[in-house]
Amino acid sequence: MKISIDGLHKAFESRIRLGIMSALSVNDALDFNSLKEYLGVTDGNLATHIKALEKEEFIGVEKSFIGKKPNTKYFMTKEGRRAFKSHLEKLEKFIKSQKSE
Amino acid sequence: MKEKDYIKEISEIRSMMERSSKFLSLSGLSGIMAGVYALIGAFIAYKIFGFNPDSIIYNSESTELGVNLINVLYVAISVLVMALGTVVILSGRNAGKKGEKIWSPTTRLLVTNMAVPLVAGGLLILVLILKGLIGLVAPVSLIFYGVAMFNASRVSIKEIRFLGIIQIVLGLISSYFVEYGLLMWVLGFGFVNIIYGIYMHYKYER
């Protein structure tokens, strides 16, 4: 696992990857275009970040067909949910500890 | 990272969670307009067609009410179509201003959450009219509208939860005091919608 100095997972260093995880955390599954719309990024950019998260096994892919059109949906894996939750907890802890200083 | 960055990151996460799971472009202005249509519709039904049922059951063939009932039904359907149209157009415009698509996954969520209680209520109202239970039409429409709003609040602006509860309470009261049915309907669909619309307009659209 890649961890940066402050103990946060490297996968969440990018705003876009964090955005993908945030959106998937409250939706069962989202297709590529919905994610693109929420994040306001280009196809290529989004695809790169999705691949990175897939490689970490934080998100999974679900391929199906609507009529003859292929439809790809992304969802958060158990591993991804765990990592995202721990990321949020760490952020909270940092804020609390800095406030008490 | 500094504290400020952590806070910013958390607020970005929260905003993304909300934007991807809730339809927040519901137009307050359209609520005001819908209320106004309802008031005009109720006025026409009451003043011109003398519609003000004071008991639950009517024999639709023998009374004067039966003749005018079709006209009242036309008025009601016009109010509904105009109100829905205004909501769609103005909410769509709101979404467009934020750079969001009108037909997004969150819109689909909102529409399904509202459509189920509204269609069920609409069909029940048709049955009530066919069976001559005219006095129950206003209460039932209030209750099902309230349920739809209550349900929709999970995937939209959270304040409409309370709007739903108000409508349900008004509906239940008017189901007992049938003679106040039209008055309660005017209160719920007219005034409460207008007040809520004004509140939402000032809170979210300025």
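Conventions adopted
- Residues numbered from 1 in each chain as written.
- Chains lettered and ligands numbered in written order.
- Predicted model: local features only at pLDDT ≥ 70, side-chain atom pairs only at ≥ 80, totals over all residues.
- Heavy atoms only, no water.
- Helix = DSSP H or I, 4+ residues; strand = E, 2+ residues; numbered from the N terminus.
- Lys, Arg positive; Asp, Glu negative; His and termini not counted.
- Charge placed at Lys NZ, Arg CZ, Asp CG, Glu CD.
- Salt bridge = Lys/Arg side-chain N within 4 Å of Asp/Glu carboxyl O.
- Buried < 20%, exposed > 50% of the residue type's maximum accessible area, 1.4 Å probe, protein only.
- Contact = heavy atoms within 4.5 Å.
- Buried area = accessible area lost by both parts, 1.4 Å probe.
- Nonpolar A, V, L, I, M, F, W, Y, C, P; charged D, E, K, R; others polar.
- Core = buried A, V, L, I, M, F, W, Y, C linked by side-chain atoms within 4.5 Å.
- Phe/Tyr/Trp six-rings, centres within 6.5 Å; stacked < 30°, edge-to-face > 60°.
- Pairing = 2+ DSSP bridges.
- Axes fitted to C-alpha atoms, helices over the stretch in contact; angles between N-to-C directions.
- Polar contact = N/O pair within 3.5 Å; in protein donor to acceptor, adjacent residues only side chain to side chain.
- Expected span 1.5 Å × (residues − 1).
- Arc of directions from axis to C-beta.

Moving on to the overall build of chain A. A count of helices and strands for chain A gives four helices and three strands. Of the charged side chains in chain A, 19 are positive and 14 negative; the average position of the first set lies 2 Å away from that of the second.

Okay, the pattern of salt bridges next. Applying the stated criterion across every chain yields a total of seven salt bridges over all chains. One salt bridge in this structure joins Arg15(A) and Glu9(B), with 4.0 Å as the shortest N-O distance. A residue pair is termed interchain when its members come from two chains, as with Arg15(A) in helix 1 (residues 15–25) and Glu9(B) in helix 1 (residues 3–21). For Arg15(A), a relative accessible area of 39% corresponds to the partly exposed category. Beyond isolated ion pairs, a larger network of salt bridges with shared partners links Arg15(A), Lys8(B), Glu9(B) and Glu12(B).

Each partner contributes residues to the interface: chain A has 24 residues there, and chain B has 20 residues. Between chain A and chain B the total buried area reaches about 1900 Å² when both faces are included, carbon and sulfur atoms providing 62% of it. Linking chain A to chain B there are two salt bridges. Mapped by element, the contributors of at least two residues to the side of chain A that touches chain B are helix 1, helix 2 (32–39) and helix 4 (78–100) of chain A. The dominant element in the side of chain A that touches chain B, judged by the number of residues it contributes, is helix 4 of chain A, at nine residues. Split by residue class, the side of chain A that touches chain B holds twelve nonpolar, seven polar and five charged.

The next thing to look at is the environment of Gly171(B). Residue and element names in this part refer to chain B. Inspection of the secondary structure assignment puts Gly-171 in helix 6 (residues 160–176). A residue is classified by how much of its surface remains accessible, and Gly-171, at 0% relative accessible area, is buried. Taking the C-alpha atoms as reference, Gly-171 lies 36 Å from Ser-15; in sequence the two are 156 residues apart. Discounting residues that sit within four places of it in the chain, Gly-171 has contacts with Pro-139, Leu-142 and Ile-143.

This part is about the nonpolar core. In this structure, Ile20(A), Met21(A), Leu35(A), Leu46(A) and Ile50(A) are the most contacted members of the largest nonpolar core, which totals 31 residues. Listed by contribution, the elements that provide at least two residues to this core are helix 1, helix 2, helix 3 (43–55), strand 3 (69–76) and helix 4 of chain A together with helix 1 of chain B. Excluding residues that lie within four positions of it along the chain, Ile50(A) makes contacts with Ile20(A), Phe32(A), Leu35(A), Ile59(A) and Tyr74(A). Formed by 28 residues, the second largest nonpolar core is a distinct cluster that contains Phe23(B), Ala83(B), Ala152(B) and Val155(B).

Throughout the structure, instances matching the rule amount to seven aromatic pairs over all chains. Here Phe94(A) and Tyr6(B) contribute two aromatic rings whose centre-to-centre distance is 4.8 Å and whose plane-to-plane angle is 20°, an arrangement assigned as stacked. Placement of the pair is Phe94(A) in helix 4 and Tyr6(B) in helix 1, with the two residues belonging to separate chains. Since its relative accessible area comes to 3%, Tyr6(B) is described here as buried.

Here we come to the sheet that holds strand 3 of chain A. Residues and elements named next belong to chain A. Sheet architecture is open: three strands sit in the order 1-3-2, paired in antiparallel fashion. A strand with exactly one partner marks an edge of an open sheet, and here the two such strands are strand 1 (30–31) and strand 2 (59–66). Examined bridge by bridge, strand 2 and strand 3 share eight bridges and lie antiparallel to one another. Each bridged residue has a counterpart across the sheet, and for Gly-60 the counterpart in strand 3 is Phe-75. Running over the sheet, helix 1 touches strand 1, strand 2 and strand 3 and is turned about 90° from strand 3.

Quick look at the side chain of Ser22(A) now. The topology assignment puts Ser22(A) in helix 1. One polar contact links the side chain of Ser22(A) to the main-chain carbonyl oxygen of Leu18(A), over a distance of 2.7 Å. The contacts of Ser22(A), once residues within four sequence positions are left out, are Phe84(A), Ile13(B), Met16(B) and Met17(B).

For the rest of this paragraph, the subject is helix 3 of chain A. All names here are of chain A. For helix 3, which comprises 13 residues, the first-to-last C-alpha distance of 18 Å matches the rise-based estimate of 18 Å (1.5 Å per residue) to within 8%. Within helix 3, burial applies to Leu-46, His-49, Ile-50 and Leu-53. Buried residues of helix 3 fall within an arc of 105° about the axis and therefore sit on the same side. Across helix 3 from its buried face, at more than 90 degrees, point the exposed residues Thr-48, Lys-51 and Lys-55. On its buried face, helix 3 is in contact with helix 1, helix 2, strand 2 and strand 3. Once helix 3 ends, the next one or two residues include Glu-57, with phi positive near 65°.

Shape is all these values report; function is a separate question.
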